[in-house]
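The residues making up each chain are set out below.
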Amino acid sequence: MTGRFAPSPTGRMHLGNVFAALVSWLSARKDGGKWILRIEDLDPQRSRIDYARQIEDDLEWLGLDWDEGGVDGKGPNAPYCQSLRGDIYKEALKKLQATGLTYPCYCTRADIMATQAPHESDGRVVYAGTCRPSRLGGEFDENPAGKPERAVRLMVTDRDISFTDRLYGDQTVNLAEHCGDFVLRRADGAWAYQLAVVVDDALMGVTEVVRGSDLLLSSAQQIYLYELLGYPVPQFAHVPLLCNKAGQRLSKRDSSLSMEELRKEYTPSHLIGQLAYIAGILPEPFPISAHGLLPLFSWSALRPLTSISIDAD
Ligand code: GLU
Ligand code: ZN
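What counts as what
- Residues numbered from 1 in each chain as written.
- Chains lettered and ligands numbered in written order.
- Predicted model: local features only at pLDDT ≥ 70, side-chain atom pairs only at ≥ 80, totals over all residues.
- Heavy atoms only, no water.
- Helix = DSSP H or I, 4+ residues; strand = E, 2+ residues; numbered from the N terminus.
- Expected span 1.5 Å × (residues − 1).
- Buried < 20%, exposed > 50% of the residue type's maximum accessible area, 1.4 Å probe, protein only.
- Arc of directions from axis to C-beta.
- Contact = heavy atoms within 4.5 Å.
- Donors = N, O, S within 2.8 Å, 3.2 Å for Na, K, Ca; no water.
- Tetrahedral: all angles 85-135°; square planar, octahedral: opposite > 155°, others 65-115°.
- Polar contact = N/O pair within 3.5 Å; in protein donor to acceptor, adjacent residues only side chain to side chain.
- Near = heavy atom within 4 Å.
- Areas by Shrake-Rupley, 256 points an atom, 1.4 Å probe, with all protein chains shown as cover.
- Nonpolar A, V, L, I, M, F, W, Y, C, P; charged D, E, K, R; others polar.
- Pairing = 2+ DSSP bridges.
- Axes fitted to C-alpha atoms, helices over the stretch in contact; angles between N-to-C directions.
- Right-handed = clockwise from strand over helix to strand, strands pointing away.

Participant: Explain helix α3 (residues 86-98) to me, and be specific about the residues and the numbers.
Facilitator: In a regular helix each residue adds 1.5 Å, so 13 residues correspond to 18 Å; α3 covers 18 Å between its end C-alpha atoms and thus fits that length. Three or more residues of α3 are buried, namely Tyr89, Ala92, Leu93, Leu96 and Gln97. Down the axis of α3, the buried side of the element spans an arc of 145 degrees, and every buried residue falls inside it. Within α3, the exposed residues directed more than 90 degrees away from the buried face are Asp87 and Ala98. Among the structural elements, β4 (102-105), β5 (151-154), β8 (182-185), α5 (193-203) and α6 (218-229) are those in contact with the buried residues of α3. Once α3 finishes, glycine 100 follows within two positions and takes phi at roughly 80 degrees, a positive value.

Rendered as structure tokens:
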């Protein structure tokens, strides 16, 4: 059993990020498994190393320890910062190109968000297929001398992909309807989240992916990539999103429930107790350490709610 937490270092963690980290850590540790910290710094414009170090400091404060990974992470799967793993993604891209299912996309800006995990509230659109070639296996020159100047997209087929989420149960997604052909590498050379997350989870031996429920349907895109690359598919387990009173997913822009504020108001065990109560693991909030929570944790305590509303300004 190997779990992981894969934060994007684009700001201070908020309560929702911590919630996903806690459940992922509990699930891995409960089984005596390993926990990996991977830094999803794919987007050079938005990622900052000091945010990544702050995430490490916040996880340490919470008592969520990792066996492998982190900014300076040493370990069998180093490096653990995605910005340093380009050669690995390039190999995977070559394999995908060999299937004949990739093609260059010249649409401007269409792929700008590809480096980020596609949260549902971002309002994604289905790619219209503007640059899709009329036949499979078209020519693809890699342009080895210079920077690639256009995005690479992967064709999806019109078929249902089914999987069983540990919390949300059976899911069926048709990729043609859900997202259409999707980006693997941006025109500026930045690697897409969907490709990087699959390659890294597979190569790092991750067997359970725990993250926020807004990425539930992204799992289908990822399963498609696992199949094309010939990797075993991990267990997916999504957790409810924490929302403010207005029903909006917490974001790094709302500062009231950021770790900066939370660390002023709570001790680690008070915060863990609150989260465990919100999750349904504790009948009432009382201070408890992450380790203390291990014997009480089980997936059956969690409910597959769409979101959990908490007090936030
Ligand atoms: N980096 C993503 C996020 O912060 C998480 C992606 C994942 O866990 O697969 O939302
Ligand atoms: Zn296009």
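Having seen it, we continue.
Participant: If you had to explain the coordination of the zinc ion (ligand 2) to someone new, which residues and values would you point to?
Facilitator: Taken together, the protein ligands of the zinc ion (ligand 2) are Cys105 (SG), Cys107 (SG), Tyr127 (OH) and Cys131 (SG), with distances of 2.1 to 2.3 Å. Every donor counted, the four donor atoms about the zinc ion (ligand 2) form angles of 105 to 118 degrees at the centre, which fits tetrahedral coordination. Expressed as a motif, the donor residue spacing for the zinc ion (ligand 2) is C-x1-C-x19-Y-x3-C. Here cysteine 105 is found in strand β4, whereas its partner cysteine 131 is found in the loop between β4 and β5, with 26 residues between them in sequence. Of the two residues, cysteine 105 and cysteine 131, both sit in the buried class.

Participant: Go over the side chain of arginine 150 with me, naming the residues and quoting the values.
Facilitator: When you line up the elements, arginine 150 lands in the loop between β4 and β5. Since its relative accessible area comes to 16%, arginine 150 is described here as buried. At a separation of 3.1 Å, a polar atom in the side chain of arginine 150 contacts the side chain of tyrosine 106.

Participant: Quick one: what's the story with the site of ligand 1, residue by residue and with numbers?
Facilitator: Around ligand 1, the neighbouring residues are Arg4, Ala6, Ser8, Glu40, Ala117, His119, Tyr193, Val197, Arg211 and Leu215. Between ligand 1 and arginine 4, the relevant distance is 2.6 Å, taken from an oxygen atom to a side-chain nitrogen or oxygen of the residue. Taking glutamate 40, its side chain carries an N or O atom lying 2.6 Å from a nitrogen atom of ligand 1. Against a free-state accessible area of 300 Å², the protein chains account for coverage of 88% of ligand 1. Split by residue class, the shell around ligand 1 holds five nonpolar, two polar and three charged.

Participant: Account for helix α8 (residues 268-279), with residues named and values stated.
Facilitator: Between its terminal C-alpha atoms α8 stretches 16 Å, which fits the 16 Å expected from twelve residues at 1.5 Å a residue. Inspection of α8 places Leu271, Ile272, Gly273, Leu275, Ala276, Ile278 and Ala279 among the buried residues, and these make up the whole buried set. Against the buried residues of α8 lie α1 (15-30), α2 (49-62), β11 (241-243), α7 (259-265), α9 (290-293) and β12 (307-309). In the segment just after α8, glycine 280 is the residue with positive phi, at about 95 degrees.

Participant: Provide a residue-level description of the sheet that holds β8, including the pertinent values.
Facilitator: Here we have three strands laid out as an open sheet, ordered β4-β5-β8, and antiparallel in their pairing. The sheet is open, and its two borders are formed by β4 and β8, each paired with just one other strand. Averaged over all neighbouring strand pairs, the angle between strand axes comes to 45 degrees, with direction disregarded. With four bridges connecting them, β4 and β5 associate as antiparallel partners. Across the sheet, residue cysteine 105 finds its bridge partner in β5, namely alanine 151. Contacts between α3 and the sheet are confined to β4, β5 and β8, with β8 contributing the most and set at about 135 degrees to the helix.

Participant: Quick one: what's the story with the pairing of strand β1 (residues 2-5), residue by residue and with numbers?
Facilitator: Burial of the side chains of β1 extends over both faces: Thr2 and Arg4 are buried on one face and Gly3 and Phe5 on the other. As judged from the four bridges shared by β1 and strand β2 (residues 34-37), these two strands associate in the parallel manner. Directly across from phenylalanine 5, in β2, lies its bridge partner leucine 37. The handedness of the β1 to β2 crossover, carried by α1, is right-handed.

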